[in-house]
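As a plain string of letters, each chain reads:
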Amino acid sequence: MTETTYGTGVVVAWMAAVAAAVEREAGRLTDLDAAIGDADHGANLRRGFAAVAGTLAKEPPATPGAVLVTAGRELISTVGGASGPLYGTLLRRAGKALGDAGEVTRDDLADALAAGVAAVGQLGGAVPGDKTMLDALTPAVAALRESFAAARAAAEEGAVATVPLRARKGRASYLGERSVGHQDPGATSSALLFAALAEVTDG
Ligand SMILES: [Mg+2]
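Residues numbered from 1 in each chain as written. Predicted model: local features only at pLDDT ≥ 70, side-chain atom pairs only at ≥ 80, totals over all residues. Heavy atoms only, no water.

## Structural notes on the nonpolar core
If you look at soluble globular proteins, the nonpolar side chains tend to sit buried side by side.
Point 1. Residues Trp14, Met15, Phe49, Leu144, Leu193 and Phe194 are the most contacted members of the largest nonpolar core, which totals 52 residues.
Point 2. Secondary-structure elements contributing two or more residues to this core are α1 (8–36), α2 (41–58), α3 (64–78), α4 (83–98), α5 (106–124), α6 (134–143), α7 (148–160) and α8 (185–201).
Point 3. With 9 residues, the single largest contributor to this core is α1.
Point 4. Setting aside residues up to four positions removed in sequence, Phe49 forms contacts with Met15, Val18, Ala19, Val22, Leu75, Leu91 and Leu193. (Core = buried A, V, L, I, M, F, W, Y, C linked by side-chain atoms within 4.5 Å. Buried < 20%, exposed > 50% of the residue type's maximum accessible area, 1.4 Å probe, protein only. Helix = DSSP H or I, 4+ residues; strand = E, 2+ residues; numbered from the N terminus. Contact = heavy atoms within 4.5 Å.)

And the structure:
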C-alpha cells in the first residue's frame, strides 16, 4: 500500500486557505480578543497571513519545509504582539523539521508540527489548560496521527473547551476570573489553521 504524500503545492494551498479563513473570521477573532485581550488578533493575523500568501505567490519555495519556514519568517516580521512570534515559531520550526523533502506524509507533518508546538510552548511558557493556542494545537497534532479530519475536529473541540478555563498566560491572564466564560482567540485561530489543512488535503 502506498502512503499518500503531499508536495509543495499542497502546503502553499494550505497557507492560502489559512489566509482566506483568517480574512473571513477576522471580525470574530477580534471580538474574542476584545473580550479578554486587546482586540487586535483578527487584524494582526489578517495582515500576517496576507503577507504570507503574497510572498508565497511571488516567490514559491521549492519544498514543503521551505514553504513553512518562509511563512513563519513572514509572520514574525509582519505581526506585532504575541501572535506573530508564536505562529511564526510554530511554522518555522515545523518547516525546519520537514527538512528538504520534496514530498511529505501526514505522519511527517504530524512530527514536524509536534516539534513546532513544543517550540511554541517553550517560547510562551504555556502548557495545555492555560487557555492559549496550545489548547487547540496540542490535541490537533495528536489527532493528526489518525487523519486530517480528526485533527480539525480536535482543534475545534480544544478551542471550545477553553471557554470555562481561567487564563494563566498572555494578556487574558491579567483578568483572572473574568477570563472565564470566553473562548480564547489564539485557540480559535489555531483551529482555523487545522480546518484549512483538512480543506486542502480533503480531510
Ligand atoms: Mg491581542
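## Describing the packing of α6 against α7
If you want to describe how two helices pack, look at the angle between their axes and the distance between the axes.
Point 1. Contact geometry of α6 with α7 gives a least axis separation of 7 Å together with a crossing angle of 155°. It follows from the interaxial angle that α6 and α7 lie roughly antiparallel. As for the relative orientation of α6 and α7, their crossing is right-handed in sense. Facing Asp135, Ala136, Pro139, Ala140 and Ala143 of α6, the residues of α7 in contact are Ala150, Ala151, Ala154, Ala155, Gly158 and Ala159. (Axes fitted to C-alpha atoms, helices over the stretch in contact; angles between N-to-C directions. Parallel < 35°, antiparallel > 145°, perpendicular 65-115°, else oblique. Left-handed = near helix turned anticlockwise from the far one by under 90°.)

## Re the coordination of the magnesium ion
Point 1. Only Asp33 (OD), Asp38 (OD) and Asp40 (OD) from the protein coordinate the magnesium ion, and they sit 2.0 to 2.3 Å from it.
Point 2. Read N to C, the donor residues that coordinate the magnesium ion are spaced as D-x4-D-x1-D.
Point 3. Since its relative accessible area comes to 9%, Asp33 is described here as buried.
Point 4. Take Asp40: its relative accessible area is 24%, and that puts it in the partly exposed class. (Donors = N, O, S within 2.8 Å, 3.2 Å for Na, K, Ca; no water.)

## Overview of unusual backbone geometry
Point 1. Of note in the backbone geometry, Ala39 takes a positive phi value of approximately 60° without being a glycine.
Point 2. Among the secondary structure elements, Ala39 is positioned in the loop between α1 and α2.
Point 3. Not every positive phi belongs to a glycine, and Lys131 is a case in point at roughly 70°.
Point 4. Looking at the secondary structure, you find Lys131 in the loop between α5 and α6.
Point 5. The exposure class assigned to Lys131 is buried, which follows from its relative accessible area of 1%.

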